[in-house]
Amino acid sequence: MARDASHLHFEHLPIAGDSALALLPAEVAERFRATFGSPTRAQRFAWPAVRSGEHLLLSAPTGSGKTLAAFLPILTAPPSPGLKCLYLAPLKSLARDIQTNLSAHQEALGLVPWRIAGRTGDTSSGHRRQQKLKPPDLLLTTPETLAILLTQPAWLEHFRALRFAVIDEIHTLVGQKRGADVALSLERLQTLAPRLQRIGLSATCTPLARAARFLVGSDRPCRVAHVEPHGPMEVGVELVPRPLWIARLARHLTESGATLIFANTRHLAERICWALKRKLPELADSIAVHHGSLGRERRFEVEQDLKAGKLRAVVTSASLDLGIDVGSAESVIFLHPPGGVARFLQRLGRSGHRPGALRRGLILVDSPAEYLEGKVTLGAGRMQQIEPLAESEPPLDVLCQHLVGLAMTGRCHSDEVFDLVRRAEPFREMARADFDGCVRYLSGQKSTGADWLPSRLAWDAGRFAIADDALAQLLRRNLGTIVSEETRSIRLMTPAYPKGLVLGQLDAAFVQNLAPGDRFVLGGRSLELRSEEGRDLLVEEVGANPAIPQWLGGGWDWPADLARRVFLARAHAAEQLREGPGFLARYLRELQRSERLDRAGFGELRDFLQAQETQSEIPSMTSLLIEAVDRDFGIEYAVHTPLPRAANEALAQLVCARLEPRKARHVSSNLGFLVFVESDRGLGEPAWRHLLSLAEWDADLDELLGSSPLVGEHFARVAQTGLMVLRNPLGGRRKVGGRDWAERRLFQQVEAGDPDFVLLRQTRREILAQKMRFDLAHAWLTQMSAFPWQVRWLNETSPIAQTWIATSSSMRVTP
């Protein structure tokens, strides 16, 4: 149901440049004009709103001057004692970068110097004590650190003087657990500082109304301004066989300036960086890798060298996606399509990082299917067809954290807390029963009200507080919504660092297979394991022949919009092909001219589509195509859909469950799934209509979840966020009881003791809505029920279905 947006005011025309400068002190305006020229469109939108005290959402492309758009009116506001402004960033590196830039702007514009300081998990204990005694004027922090500060009485007093809260890269928060955490923190800040003005910044954000509601909470007024990208875009799509990628990249680096190379996984980023250093030894010192598993000091060094123009290339995964100032990057290369239009535009905007500059990029692919995906992504990016921000059910595990955090600050009444929570947009529609379930759990009770667990809360006269100070200290260490896999630190032994320089972290699953003498790559260096010291691995830098770490995770589940666009592009090409090969050739040639596609890719895409149409057919939106191949030991079925991987995983799991007692395995991908059935009896259209029937949908889902190991595995993550399992107990960094206890024994105890337990319900909700998009699957099956279905028998797997196998690691046996 559409939400009322009457409290949102959408700006369409910014004020003139001279009028914007008139809002600044005369000396500052004069220096601004001398340094930057006329204010950008983003600044002309933002300055009047900030000056007038209105909440503001500003959506503007990378390099459009958003930092000064938000901060210049703040930094020139009348002085007041105490902490005046809070800046919230999704990355510690972004907070550090903004601090550097603001300090430089203060000096360049002759501003009254504000005391600016960062506060993150990297801040030393000495600086933390100083900040608690005397806070800075402007505090830059992250969602996790803010949640901790909100539990400390001294900081609660500091927050009462707060006037501004700037939330950067807001699109990364909407619809996510970190966003729900931020929304609740902002509401708690608003109770301490009623005049708090909220300012949200984003480069890729749609729909704007959803982001604005997230920023300001329920029904508060907000001014919304959007700046369209206005700089030219020069992007190509090239199909190059994977073994030739390094040669293609090397040619680009020898002909071009500083380049950001985006890989979709840390594993691929390390492989490419190592190979480029070997291919171009003369440039080896100017090629670096940057990702979240590197040590903080090394990441900072790479960022500074890139900004200073010392690097020719940086290979990265997702750690440079956001608004860190990368200085003079001339172009961006995508290794495989980026898996979404918003991600494509965000990364492309890292080149030409200034207003109106040319955004130059290249999408490098290694198959015709990826070539089409790259073309569709590029075309949608040119039209600014960004995927909508996610929506989600209220995350009750995050609510549990904030209930505990509030309990640390004094006695709370449930009704008052419920009202506060519902003012945060992610919890606007939360049922009182869910809220009460969280309170019961934290009070040590089952959903029936019977005593069960040790209570986190102490009750007195209808109000709750934390049970004791020792528990508060313990739980404060465990606040935050980022749940990561277990890692081991890697320390490089050198004469300069006899105790070892921390290079980064590797997943424990990779490390457990290493023995002294084994070699691997991290940070573009070939390292040899020498020994272990506690949880750390001590290494030395050596020569060649390393292994590449395989971090857990990786790969993208497409947004639903992208899946549908690629499916429709194929279907449109099929219509041209059915008119005759000449029609398809002309259609693809037009694409080549309009989107600057390369000739080799054009030819391979034509051959790929023709092969699919010859061997089977190209799927359409008005029928359901199921391909069958009779193998010696069973039958393989390929089901074509316009859905992303998660929704296809839902359908595949459902089909395999309904096929019991016959043993079935499946592979899920974007745009379809494969099911292999160990049977010599073929399944025709009636059987498939039964397997994909909406009848008994809810009952079969309950049974599927009841037998799936995914529930137990995901419950461990929800229980960690909900403070049932502690990631940082006192005395050591480990999970209470270990991984097996969290994922198996604890889950079994909870399931047996309280099947309606609030965190167990949260787990099932998340699996249905996120891990397996049953909502998309249900909507598609509802539509397909009225269309024809056909089962086509083939001699071999069709070209399209073969791409699903290529992008999946292996068939999975469905329990």
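Here we look at the overall build of the protein
Then, in step 1: Counting its secondary structure elements, the protein contains 31 helices and 28 strands.
Then, in step 2: Taken against the 2.2 N^0.38 rule, which gives 28 Å for 815 residues, the C-alpha radius of gyration of the protein at 28 Å falls within 12% of a compact globule.
Then, in step 3: Taking the principal axes of its C-alpha atoms as reference, the protein extends roughly 80 × 70 × 65 Å.
Then, in step 4: Looking at the 815 residues of the protein, the share that counts as buried comes to 57%.
Then, in step 5: Here the contacts in the protein between residues at least 6 apart in sequence split such that 74% fall between residues at least 24 apart.
Then, in step 6: Taking the average location of the 100 positive side-chain charges in the protein and that of its 93 negative ones, the two points are 5 Å from each other.

Some words on the packing of aromatic side chains
Then, in step 1: For the coordinates displayed, the defined rule picks out 15 aromatic pairs.
Then, in step 2: For the ring pair tryptophan 155 and phenylalanine 159, a centre distance of 5.8 Å and an interplane angle of 40° mean the geometry is tilted. With tryptophan 155 and phenylalanine 159 both in helix H8 (residues 153–159) and four residues apart, this pair spans about one turn of that helix. Grouping residues by exposure puts tryptophan 155 and phenylalanine 159 together as buried.
Then, in step 3: The ring of phenylalanine 418 carries arginine 432 above its face, with NZ or CZ at 4.8 Å from the centroid.
Then, in step 4: The ring of phenylalanine 602 has arginine 606 sitting right over it, with the charged end atom 5.7 Å from the ring centre.

Section: the nonpolar core
Then, in step 1: By size, the foremost hydrophobic cluster in this structure holds 120 residues, and its most contacted members are Phe159, Trp688 and Phe715.
Then, in step 2: Not counting residues within four places of it along the chain, the set of residues in contact with tryptophan 688 comprises Ile626, Tyr637, Val639, Val655, Leu683, Trp789 and Val791.
Then, in step 3: Core analysis: the second largest hydrophobic core is formed by 52 residues, Val235, Val302, Tyr371 and Ala380 among them.

As for the environment of glycine 410
Then, in step 1: Locating glycine 410 in the fold gives a position in the loop between helix H16 (396–407) and strand S15 (412–413).
Then, in step 2: Along the backbone, glycine 410 and alanine 465 are 55 residues apart, and their C-alpha atoms lie at a distance of 5.8 Å.
Then, in step 3: Apart from the residues lying within four places of it in its own chain, the contact partners of glycine 410 are Phe464 and Ala465.

Thoughts on unusual backbone geometry
Then, in step 1: Residues threonine 206 and proline 207 are joined by a peptide bond in cis, for which omega reads -5°.
Then, in step 2: Tracing the backbone shows proline 207 in the loop between strand S7 (197–202) and helix H10 (208–216).
Then, in step 3: Positive phi outside glycine occurs at glutamine 384, with the angle close to 60°.
Then, in step 4: By the element assignment, glutamine 384 lies in the loop between helix H15 (368–382) and H16.

Examining the confidence of the model for the protein
Then, in step 1: Within the protein, residue pLDDT values average 88, and 93% of them lie at 70 or more.
Then, in step 2: Segment residues 809–815: pLDDT under 50, and 22 contacts once partners within four positions in sequence are set aside and those in other chains are kept.

Focus: helix H12 (residues 266–279)
Then, in step 1: With 14 residues, H12 extends 20 Å from end C-alpha to end C-alpha; this agrees with the ideal 20 Å at 1.5 Å per step.
Then, in step 2: Within the span of H12, buried status applies to His267, Leu268, Ala269, Glu270, Ile272, Cys273, Trp274, Leu276 and Lys277.

Quick word on the environment of lysine 92
Then, in step 1: Among the structural elements, lysine 92 can be located in helix H5 (residues 92–108).
Then, in step 2: The class of lysine 92 is partly exposed, set by a relative accessible area of 33%.
Then, in step 3: In this structure lysine 92 touches Thr120, Gly121, Asp122 and Thr142, once residues within four positions along its chain are discounted.
Then, in step 4: A polar side-chain atom of lysine 92 sits 3.3 Å from a polar atom in the side chain of aspartate 122.

Here we look at the sheet that holds strand S3 (residues 85–88)
Then, in step 1: Taken in spatial order, the eight strands line up as S1-S8-S2-S7-S6-S3-S5-S4 in an open sheet, and their pairing is parallel. Either end of the sheet is taken by a strand with one partner, and the two such strands are strand S1 (8–11) and strand S4 (116–119). On average, adjacent strands in this sheet sit at an angle of 20° to one another, irrespective of strand direction.
Then, in step 2: Pairing of S3 with strand S6 (residues 164–167), which is carried by four bridges, proceeds in the parallel orientation. If you follow cysteine 85 over to S6, its bridge partner there is phenylalanine 164.

Remarks on H5
Then, in step 1: In a regular helix each residue adds 1.5 Å, so 17 residues correspond to 24 Å; H5 covers 25 Å between its end C-alpha atoms and thus fits that length.
Then, in step 2: For H5, the elements touching its buried residues are helix H2 (26–36), helix H4 (66–75), S3, S4, strand S5 (138–141) and helix H13 (296–307).
Then, in step 3: Among the residues trailing H5, glycine 110 stands out with phi positive, at a value near 65°.

Quick word on the side chain of glutamine 106
Then, in step 1: By secondary structure assignment, the location of glutamine 106 is in helix H5.
Then, in step 2: Reaching out from glutamine 106, the side chain makes a polar contact with the backbone nitrogen of tryptophan 114 at a distance of 2.5 Å.
Then, in step 3: Residue contacts for glutamine 106: discarding those within four places in its chain leaves Leu75, Leu111, Val112, Pro113, Trp114 and Ile116.

Brief notes about the sheet that holds S15
Then, in step 1: Judged by pairing direction, the sheet is antiparallel, and its three strands sit side by side in the order S15-S17-S16 without closing on themselves. Looking at the sheet topology across the chains shown, the edges are occupied by S15 and strand S16 (457–460).
Then, in step 2: Note that S16 and strand S17 (residues 463–466) share four bridges and pair antiparallel. Pairing of leucine 457 across the sheet is with isoleucine 466, part of S17.
Then, in step 3: Along the sheet, H16 contacts S15, S16 and S17; its crossing angle with S17, the most-contacted strand, is approximately 90°.

Concerning the pattern of salt bridges
Then, in step 1: This structure, assessed with the given rule, holds 47 salt bridges.
Then, in step 2: Note that lysine 84 and aspartate 137 form a salt bridge whose closest N and O atoms lie 2.6 Å from each other. Taken together, the positions of lysine 84 in the loop between H4 and S3 and aspartate 137 in the loop between helix H6 (125–133) and S5 put the pair 53 residues apart, joining distant regions of the chain.
Then, in step 3: By relative accessible area, which is 7% here, lysine 84 ends up buried.
Then, in step 4: We note a salt bridge from glutamate 144 to arginine 178, for which the minimum N-O separation is 2.9 Å. One end of the pair, glutamate 144, is in helix H7 (residues 143–149); the other, arginine 178, is in helix H9 (residues 177–192), with 34 residues separating them in the sequence. The same class applies to glutamate 144 and to arginine 178, which are both buried.
Then, in step 5: Several salt bridges share partner residues, and in doing so they unite Lys92, Asp122, Arg296 and Glu297 into one network.

Parameters and conventions
- Residues numbered from 1 in each chain as written.
- Predicted model: local features only at pLDDT ≥ 70, side-chain atom pairs only at ≥ 80, totals over all residues.
- Heavy atoms only, no water.
- Helix = DSSP H or I, 4+ residues; strand = E, 2+ residues; numbered from the N terminus.
- Rg over C-alpha atoms; globule rule 2.2 N^0.38 Å.
- Buried < 20%, exposed > 50% of the residue type's maximum accessible area, 1.4 Å probe, protein only.
- Contact = heavy atoms within 4.5 Å.
- Lys, Arg positive; Asp, Glu negative; His and termini not counted.
- Charge placed at Lys NZ, Arg CZ, Asp CG, Glu CD.
- Phe/Tyr/Trp six-rings, centres within 6.5 Å; stacked < 30°, edge-to-face > 60°.
- Lys NZ or Arg CZ within 6 Å of the ring centre and 35° of its normal.
- Core = buried A, V, L, I, M, F, W, Y, C linked by side-chain atoms within 4.5 Å.
- pLDDT = per-residue confidence, 0-100.
- Expected span 1.5 Å × (residues − 1).
- Polar contact = N/O pair within 3.5 Å; in protein donor to acceptor, adjacent residues only side chain to side chain.
- Pairing = 2+ DSSP bridges.
- Axes fitted to C-alpha atoms, helices over the stretch in contact; angles between N-to-C directions.
- Salt bridge = Lys/Arg side-chain N within 4 Å of Asp/Glu carboxyl O.

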